[in-house]
Amino acid sequence: CIYYIAWVLYFAACSAQERHGLPALDIDLLRPSTDPEQQGFITEKLRTFYFVVHYHLPFVDDLRVIIDWAVVRTSLDLWMYFKVEDAHSFLFRTRHVMFVRRQSFFAEERNCVEKLFQGWCLLLLLLCVILAPIIIFSPFTPFTNSLPVTSATVTVGMQIGSSCTGETLSCELFEVDLFQSSAQRYFQWSDEE
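The structure displayed is predicted, hence computed values, not measured ones. (Residues numbered from 1 in each chain as written. Predicted model: local features only at pLDDT ≥ 70, side-chain atom pairs only at ≥ 80, totals over all residues. Heavy atoms only, no water.)

**Student:** Just checking my understanding: could you explain the packing of helix α3 (residues 41-56) against helix α5 (residues 78-102) for this structure?
**Tutor:** Helix packing for two helices is described by the angle between their axes and how far apart those axes are. The contact between α3 and α5 brings their axes to 11 Å, and the two run at 145°. The handedness of the crossing between α3 and α5 is left-handed. Residues F41, E44, K45, T48, F51 and Y55 of α3 lie in contact with α5, whose contacting residues are D86, S89, F92, R93, H96, F99 and V100. Classifying every residue of the contact of α3 with α5 gives six nonpolar, three polar and four charged. (Axes fitted to C-alpha atoms, helices over the stretch in contact; angles between N-to-C directions. Helix = DSSP H or I, 4+ residues; strand = E, 2+ residues; numbered from the N terminus. Left-handed = near helix turned anticlockwise from the far one by under 90°. Contact = heavy atoms within 4.5 Å. Nonpolar A, V, L, I, M, F, W, Y, C, P; charged D, E, K, R; others polar.)

As structure tokens, this is what we get:
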């Protein structure tokens, strides 16, 4: 039943679109071209927040660019159109950054909260990402029995595929192990020492 209703709604939207045509593409609602001072401070913040969320959702902006390219009459290929849209988005972000910078005094120092979150917290996060594997898998770690590595195997291989020839398209794939070695635990650490 839900499937049927979804198809009916889809066909109704398609028929309405056929009747009235596609919307005009000369107005960019995602990146408005009006001056930020004319929009007002709160409207500018909301539109920029909407743009940032839309831009950073996976594949959403890419789908928008592909759909725009598919319906717009253009001489650009898809990859050129991606570059133009990326440049347009970068200019919109730069315009917002410059609008925010104009709100502060000339050569005004950055506040401590910004330095704390964008400086020290980012530095601690990077150090944790870099040092966490060393700390966890080190023999001197306080988590001695949490994740012991007792053995490991390393294999280096190669796959060779022949070209597909003939009427039956006979193809062959060869797999060759070039090197295989196992590592064993050499040191037994005890908690008694």
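Read on, since the account is not over.
**Student:** So what exactly am I meant to see when it comes to the packing of helix α4 (residues 60-71) against α5 here?
**Tutor:** Following both chains from N to C, one finds α4 and α5 inclined at 120°, their axes separated by 10 Å at the closest point. Between α4 and α5, the angle is such that the two are oblique. Crossing handedness for the pair α4 and α5: right-handed. Only L78, Y81, F82 and E85 of α5 make contact with α4, whose side of the interface consists of D62, R64, V65, I66, D68 and W69. (Parallel < 35°, antiparallel > 145°, perpendicular 65-115°, else oblique.)

Honestly, that's just the spatial picture; any functional story needs more than this.
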